[in-house]
Amino acid sequence: MMIPFPPVEGEFRAKQVAVAPEGTAYVVPSGMHERLREAVAPERTDSDPKVALALAGWLCLQTDGMTDRVNVDAPDDYSDGAPIRRFARAHDAGSVAVALHPSGEVVRSNEPETFSFEK
């Protein structure tokens, strides 16, 4: 499969990063998640490409630069908090909200540098 975006090098400085199921992270320019979905999950027809990617096993990390919150879309069975902590650290985030799919559960934390899925 050909990923249409470059892998992340160094810190997760980009505002939109997607992590493949095998762990490789990619810089995804704003508005280009549809293109990534077409490359990695063409069978998904979900209206939100970040949801479609999460349902295909991808982790989508995003920050708008206007708030100090990191928003994440992840599959229900995702359990690795390291990429979320790394992204939060790179953006000096004050909080994180992880939307899990397909359950719709949202996991929130005001301590993103120590974020964990453990309860």
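Residues numbered from 1 in each chain as written. Predicted model: local features only at pLDDT ≥ 70, side-chain atom pairs only at ≥ 80, totals over all residues. Heavy atoms only, no water.

A.B. asks: Hey, could you go over the side chain of Lys50 for me, with residue numbers and the actual values?
C.D. replies: Checked against the element boundaries, Lys50 lands in helix H2 (residues 49–55). In this structure Lys50 is buried but unpaired, with Asp73 as the nearest side chain of opposite charge at 5.7 Å. Engagement of the side chain of Lys50 in a polar contact is seen with the side chain of Gln62, the distance being 3.3 Å. Non-local contacts of Lys50, meaning those with residues more than four positions away in its chain, are made with Gln16, His33, Cys60, Gln62 and Asp73. (Helix = DSSP H or I, 4+ residues; strand = E, 2+ residues; numbered from the N terminus. Buried < 20%, exposed > 50% of the residue type's maximum accessible area, 1.4 Å probe, protein only. Lys, Arg positive; Asp, Glu negative; His and termini not counted. Salt bridge = Lys/Arg side-chain N within 4 Å of Asp/Glu carboxyl O. Polar contact = N/O pair within 3.5 Å; in protein donor to acceptor, adjacent residues only side chain to side chain. Contact = heavy atoms within 4.5 Å.)

A.B. asks: Describe unusual backbone geometry, and please don't skip the residues or the numbers.
C.D. replies: With an omega dihedral of 10°, the bond running from His101 to Pro102 counts as a cis peptide bond. Positionally, Pro102 belongs in the loop between strand S5 (95–101) and strand S6 (106–109). Located in the positive-phi region is Asp92, a residue other than glycine, with phi close to 50°. The class of Asp92 is exposed, set by a relative accessible area of 60%.

This is a description of form; function is not addressed.
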